[in-house]
Structure formats: structure tokens, C-alpha cells
Amino acid sequence: MKFFLPLLVMLAACAAVPQDLSGKMFTFPQETNTARVKLIPSTQDYSAVTVCHRSFTDLKRDHILFSLATGTNSNGYLIFWDETNKEMEPHIKDKKAEYRAMDYKPNMWHSICTTWDSTSGLVQLWFDGQPSIRKFVSTGSNIVGSPVIIFIGQEQDSHGGGFDLKQSFVGMMSDVYMWDYVLSPCEIHNYMDGLNFTPGNVLNWRALEFQIVDRVLIEDKQMTYGIVASPGDADSMCCRSSRSFTDLHRDHMPFSLATPSAFNDFLIQIAQNNVVHLYIRDQIVGFAGQDYKLNTWNSICATWDSTSGLGQLWLNGKPSSRKFISSGSNISGPVIIVLGQDQDSYGGSFDSKQSFVGMMADVHMWDYTLSPCEIESYTQGFNFSPGNVLNWKALEFQIIGRVLIEKKENLKMAVLLLLVMLTACAASPRDLSGKMLTFPEETKTANVRPTTSRQNLNALTVCFSSITDLSRDHALFSLATPAHDNAFLIFKVAPRNGIELYVSNKKVEFGGPDYKLNMWHIICATWDSASGLVQLWFDGKPSIRKFTGGSNITRPIVILGQDQDSHGGRFDSKQSFVGMLSDVHMWDYVLSPCEIQRYVEDLNFTPGNVLNWRALEFQTTGRVLIENKQLTCD
């Protein structure tokens, strides 16, 4: 388990040497008109600007994202979300542009870049990789500081001050960069996609000079599952989880923990308007934008620790922002926990209009905060450490009133196991973006069978990325038909440094690819029946085009991890793939060189219409894992 040390600053923190905040984030856990981070720029005069950052919030009101003020312009360079009009507003020298139709969802990380240059006066917004149109704002003069003051977390209505808590930012922010020039689209895409890019020369997240004022924390960033605090004293942490099923349209309380000193010592309230409230020590915080569906099973986890005072909600595997509730003291007993009612006094004073009606299962409670991976394991029904305070598998309890113990109806909680020891039936298509298939051992069984959307192909392109340490022959991609076991096969041969491509059992070899071990390689192969020509692209470099011939491909079966010596079977462990495979796409036409290059560079490209890694239907057999993609760094 990987922990972080919260950095909680109650008063102004003096800036030290620049810090490398790679893998970190600023957490703004509550609504105030004081909490902020002052960023120290390297220069004070800008004829052009690019600002990029990532943010995560559940705010349903106006809020600031980035505020740069000068002595003459309080909104010298401002990025602001207008909730009323649902628009992102860049302000340049007190003049604004308005961008609507932004899919600015709560409880999700968003990547935002804005650019402006004084020569043209044009501003442009990039939202999650998608560029806006370019709009005119202000031209003719630079943004000049006296000095330049930059804040995140608060909006400056005057130079260095004039904060309004109703415009403050509550949530998490990371990867803040600023340049004194306009980044190219490719550079912005590299930032958005987390690829190598030139860090900001005005603000550099990897070497950031800053000052923290009031309650702002520096924590480890967890882009996929969110962040959970690390445990300190065993009695100072809580993590509580359950699954519930109800059709209630009113407020209700599925979990209530009371002590003699605080009736709402740990309380979860499902409220209306997609809000879930968490009470700690009688203090309340709301988490908005929660998709709590009726008549279906919902998995709820809530975490809190007394050191930072931060609480977080996980609904159906999705984390909320981390918010400040209560710090400094433990929840100490004697504790009374009630399911189904809200304790308005210690152990009683129930209100039928706050009661829970429905089904509840899998209630666990820990005296420490679970890691994101452990919460994910609980949510998905994988192996996890049961609660050490409440354990559903060994629960001591008393029932009062009409409550039944029944077999759980699990029809709507089917789980697709990531580690499958036998054949797993395919579920609905899955988005495997950022994931990889791991084939961890040499076998003649382990494979993945994607379902193709076409049954007749007269041309195709296949692209994927792979990494292995195999120095023997191995299959990379196997497509078989009833007529040809090697209808379309991509095969690495050893000891020759070559790749063989088969079409309708006819082989051509491409020599010379620098197929290094323990490195990710990107491979694309194309073929069309009209010309009979095939071509290999290796790490973005095209081969010569060679003739194989071949007729239409009908009734294809695609196998990853094994070579089909018959239609759908007859695997040989000595030709199996051992390593990681990712980003598998297949098209029923030949991609253009530009399209292949976009795939190789992981820019916006049209996903495969036969196999689409972002919506893949597949069956897994044997020991194959789905994991977060690991990329090697030079």
C-alpha cells in the first residue's frame, strides 16, 4: 500500500526552493475566502500565454480555476466556470470570451488549456483534448505585472485580494503549467495525453515555487480511482462500505453511528438532487453530482481521518472530491451503529421519514482508510481484506422490528473478473483506455478472444502496442477462418530480427525492425484484396509494400496471446505470447499514413470499426490480467 503525508498549512507557508510536484495535487477541501496557493512566475511580461491544468470538483456554482492579476487588470488572465450559463470563460485584461457546450462533468478529472497572443488578440480553449474555435479578446499590448500575482483556489477581484468564497474552488488541482508563448496543437495534445512535453517556462509543476495560505493540502495524485488518506493512529480513521437497493425518492439514512457526545458521529444520508451527505462529529459536508440510481444495487464507501479532517465518498467505484469535515479528535465510544434508521439521540429517536426501505448487504467497517485499490476491489467484488470493526462475513448483530435475512439478489451486480482461470463469458463492451492485457506465463491456454463487428473483410488494418522479453518465436496477432488458420497473422521470428505477416496462409517477411526486448513497440499492418499488397509499420516507420494476394476474409476468429493452428484452437505454448498488449484496434479498410501516424503518436484518431479498444467485447481464457498500462520512461 502506498501512502502520502498530508501537508496541512493553517497559516501562510513561506515558499522554499522550487518543488517537484510530479504525481502530486493540491487539495482545496472546503469553501472559504482564504484558502489559496500563490504561484511565483519566472517572468512579469507576456506578449503571449498558454496555461494548462487538471482539476476535479463537484461544485454546482460559479468557481475560479486560475487567476492572474496585475496592477491595472484584476482579471489579467483568468479562467472561470460560469455555472448559470454553463460556460467556461477565459478573461484577458478584463475582457472575456465565452465557451459553451463544454462537457464539464462533476467528479471527473478534466484537462484544460487556454492560449492567447497579443498580436492576433485571439484566445482558444482546449477542453479534454478538444479545441474550441479561436475568439478575439484583446490585442495590441502585453500583460505586464507590477508585479504579476497568480492564485489558484481564489479569484482576485483586486490585485492580490478581494476574494469571494462563493467563487472559490473546492476540489483537487494538478499539473499546472504556464508558458510565455502559444503551444502548438501537438504540444497541447502531448500535455493532455500525458506524453513528453516541454514544461512551462513561467510556471513549471515539476519545479514550482509557491506559497500556501490556510487549509490546502499536497497529496499524491490518483487519476483513476481518486485519493485516500494514509492511516495514522488506528482509532483516528474510518472507512465504511455497503451495498444498498431501494426505490426511495426521499432522504434516507442507510448508516448511522452515534456516541454519547455526538449523535451524528458518522452518518451517511442519501439526499435528493443527486447529493450524498456525510456527517462526522455532527459536522456535515455534501457531495454533489452523485448518480445514486433507484431500483439497482449501489456500492457506497465513505472514508475519513482525524489528522487531515478530510472525508471522501466513493459511489459505485467513482471517487468524489476530498472535503474537510472535522479534524483533531477521534470518534470514541461507546459506539452504537444502526442500519436502517437515523439516531437523533444516542441509540434512538428514530424518524420514519428518514428510515431506509430496501435491501442492504456487504456492510464492512475499518478503523483505517482503505487504499483506492482496496476500495476498487470491494466495489468490484474481488478479494479484499474484510472490515476489522464490522465484518459482513462474521457479523455480530441484533434485529429489531420487521427485518428479514434473505439470499441476496445479485442479478444486477454481475462482475467481470480481471483474473480468469477458466473461460469468462463476454459482457457488454468495455473501455480499456489506459489498460493493458498481461500474459504473465508461457502456456497453451491463456488467450483473449475479441469479438469482431464484421464477418466479411476485403481489406483491413490492425494496430496494437506490445512489450515482451521473449527471445523465441511468438504470435502477436492471430486471425483465422474456416479456410485458413493463418488468414491474417503477425508473427515474430527468432533469432532473425524480422516479423512475418501471413495472409490466407501466404507469408512475407519484413526484415530490419529494431524489435528490442523490454520496450513498448507499436505495430500496424495493412492489407487489401484488390491489390494483394501488405505493409508493416513499426514504431511509426513504414516498410516497403509486398505482395501476398488473398481473397476476402469471412467468419474470422481473432485470438490474442496464441497462434491458431486451426480455426479457434490448436495452440502451441512455444508460440504463445508472454508480456503485455494494449491499444488493439482493427479497421475494415487501409488506414492512410496520416491516420497511422496519429495512432502511433496517440493523438485523436478514429478508433477501429472492427475491433475498438475503447469499446471492446471479448472473452478471456486462462491466466490473463487487465491492468493499468505501464509505460517505460527513457
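Please refer to the structure placed before this passage.
Keep in mind the model is a prediction, meaning the values are calculated, not measured.

Asks: Can you break down the overall build of the chain residue by residue, with the values?
Replies: The helix and strand inventory of the chain stands at three helices and 46 strands. Taken along its principal axes, the extent of the C-alpha atoms in the chain is 80 × 75 × 40 Å. Of all intrachain contacts in the chain linking residues separated by at least 6 positions in sequence, the fraction that spans at least 24 positions is 67%. In the form shown here, the chain has an accessible surface area of approximately 27000 Å², with 51% of it arising from carbon and sulfur atoms. A distance of 5 Å separates the average location of the 54 positive side-chain charges in the chain from that of its 65 negative side-chain charges.

Asks: Before we move on, could you go through the packing of aromatic side chains and cite the residues and values that matter?
Replies: On inspection of all chains with the given rule, the structure shows 21 aromatic pairs. Note on phenylalanine 245 and tryptophan 297: the rings are 5.6 Å apart at their centroids and 65 degrees apart in plane angle, and the pair reads as edge-to-face. Of this pair, phenylalanine 245 sits in strand 19 (residues 237-245) while tryptophan 297 sits in the loop between strand 23 (283-287) and strand 24 (298-305), and the two are 52 residues apart along the sequence. Between phenylalanine 477 and phenylalanine 488 the ring centres are 6.5 Å apart and the planes differ by 80 degrees, which places this aromatic pair in the edge-to-face class. Highlighted residues: phenylalanine 477 in strand 34 (residues 474-480) and phenylalanine 488 in strand 35 (residues 488-493), separated in sequence by 11 residues. Judged on exposure class, the residue phenylalanine 477 and its partner phenylalanine 488 are both buried. Put simply, the rings of Tyr177, Trp179, Tyr191 and Phe197 pair up and form one aromatic cluster.

Asks: I'd love a proper account of helix 3 (residues 593-600), names of residues and values included.
Replies: Taken as a whole, helix 3 has its buried residues at Ile596, Tyr599 and Val600. All buried residues of helix 3 project into a common sector of 100 degrees when viewed along the axis, lining one side. On the buried face of helix 3, the contacting elements are strand 33 (459-468), strand 38 (521-528), strand 39 (533-538) and strand 44 (579-587). A positive phi of about 60 degrees marks aspartate 602, the residue just after helix 3.

Asks: Account for the sheet that holds strand 37 (residues 506-511), naming residues and giving values.
Replies: Each strand in a sheet pairs with its neighbour through backbone hydrogen bonds, running either in the same direction (parallel) or in the opposite one (antiparallel). The five strands lie next to each other as 37-36-35-34-43, forming an open sheet whose pairing is antiparallel. Unpaired on one side and paired on the other, strand 37 and strand 43 (557-559) mark the two borders of the sheet. Taken pair by pair, the neighbouring strands of this sheet meet at an average axis angle of 15 degrees, ignoring direction. Pairing between strand 34 and strand 35: five bridges, direction antiparallel. Note on strand 35: the bridge partner recorded for alanine 475 is phenylalanine 491.

Asks: Would you mind going over the pattern of salt bridges in detail, with residue names and values included?
Replies: All told, the structure shown has 21 salt bridges when counted by the stated rule. A salt bridge links lysine 166 to glutamate 31, with the shortest nitrogen-to-oxygen separation between them at 3.0 Å. In this pair, lysine 166 sits in the loop between strand 15 (149-152) and strand 16 (171-179) while glutamate 31 sits in the loop between strand 1 (24-28) and strand 2 (36-39), placing the two residues 135 residues apart along the sequence. Accessibility expressed as a relative area gives 47% for lysine 166, which makes it partly exposed. With a relative accessible area of 35%, glutamate 31 lands in the partly exposed category. The partner of aspartate 583 in a salt bridge is lysine 629, and the shortest N-O contact between them spans 2.4 Å. Residue aspartate 583 is found in strand 44, and its partner lysine 629 is found in the segment after strand 46 (625-628); the two are separated by 46 residues along the sequence. Taken together, the shared-partner salt bridges in this structure form one network comprising Glu31, Arg61 and Lys166.

Asks: Please give an account of the side chain of histidine 110 that cites residues and values.
Replies: Mapped onto the fold, histidine 110 is located in strand 10 (residues 110-117). Among the residues examined, histidine 110 registers a relative accessible area of 2% and is labelled buried. Polar side-chain contacts of histidine 110 include one of 2.8 Å to the side chain of aspartate 128. Not counting residues within four places of it along the chain, the set of residues in contact with histidine 110 comprises His53, Arg54, Ser55, Asp103, Tyr104, Lys105, Phe127 and Asp128.

Asks: Run through a nonpolar patch on the surface, naming residues and quoting values.
Replies: A cluster of nonpolar side chains, Phe397, Ile399, Val403 and Ile405, forms an exposed patch at the surface whose accessible area comes to about 410 Å². Inspection of the secondary structure puts isoleucine 405 in the loop between helix 2 (372-380) and strand 30 (435-439).

Asks: Outline the pairing of strand 10, listing residues and values.
Replies: With eight of eight residues buried, strand 10 lies mostly within the body of the structure. Of the two faces of strand 10, the one carrying His110, Ile112, Thr114 and Trp116 and the one carrying Ser111, Cys113, Thr115 and Asp117 are both buried. Alignment of strand 4 (residues 48-56) against strand 10, held across eight bridges, turns out to be antiparallel. Directly across from histidine 53, in strand 10, lies its bridge partner isoleucine 112. The pairing of strand 10 with strand 11 (residues 122-127) spans five bridges and is antiparallel. The residue bridging cysteine 113 from the neighbouring strand is tryptophan 126, located in strand 11. As consecutive antiparallel partners, strand 10 and strand 11 are separated by four residues, and within that stretch glycine 121 has a phi angle of approximately 75 degrees, a positive value.

Asks: Let's hear about the layout of surface pockets: which residues, and what values?
Replies: In this approach, a probe sized like a water molecule rolls over the atoms, and the result shows the empty space that is left. If you add up the space inside the second largest pocket, you get close to 1500 Å³. Only strand 28 (336-338) and strand 29 (359-366) provide two or more residues apiece to the lining of the second largest pocket. In terms of residues, the lining of the second largest pocket owes the most to one element, strand 29, which gives five residues. Here the lining of the second largest pocket is composed, by residue class, of 22 nonpolar, six polar and seven charged.

Cut-offs and rules
- Residues numbered from 1 in each chain as written.
- Predicted model: local features only at pLDDT ≥ 70, side-chain atom pairs only at ≥ 80, totals over all residues.
- Heavy atoms only, no water.
- Helix = DSSP H or I, 4+ residues; strand = E, 2+ residues; numbered from the N terminus.
- Contact = heavy atoms within 4.5 Å.
- Areas by Shrake-Rupley, 256 points an atom, 1.4 Å probe, with all protein chains shown as cover.
- Lys, Arg positive; Asp, Glu negative; His and termini not counted.
- Charge placed at Lys NZ, Arg CZ, Asp CG, Glu CD.
- Phe/Tyr/Trp six-rings, centres within 6.5 Å; stacked < 30°, edge-to-face > 60°.
- Buried < 20%, exposed > 50% of the residue type's maximum accessible area, 1.4 Å probe, protein only.
- Arc of directions from axis to C-beta.
- Pairing = 2+ DSSP bridges.
- Axes fitted to C-alpha atoms, helices over the stretch in contact; angles between N-to-C directions.
- Salt bridge = Lys/Arg side-chain N within 4 Å of Asp/Glu carboxyl O.
- Polar contact = N/O pair within 3.5 Å; in protein donor to acceptor, adjacent residues only side chain to side chain.
- Patch = residues over 30% accessible without salt bridge, like charges linked within 9 Å, V, L, I, M, F, W, Y side chains within 5 Å.
- 1 Å grid on protein atoms, 1.4 Å probe; cavity = no way out; pocket = protein on both sides within 12 Å on 5 of 7 lines; lining within 4 Å.
- Points joined across faces, edges and corners; volume = space filled by probe spheres on them.
- Nonpolar A, V, L, I, M, F, W, Y, C, P; charged D, E, K, R; others polar.

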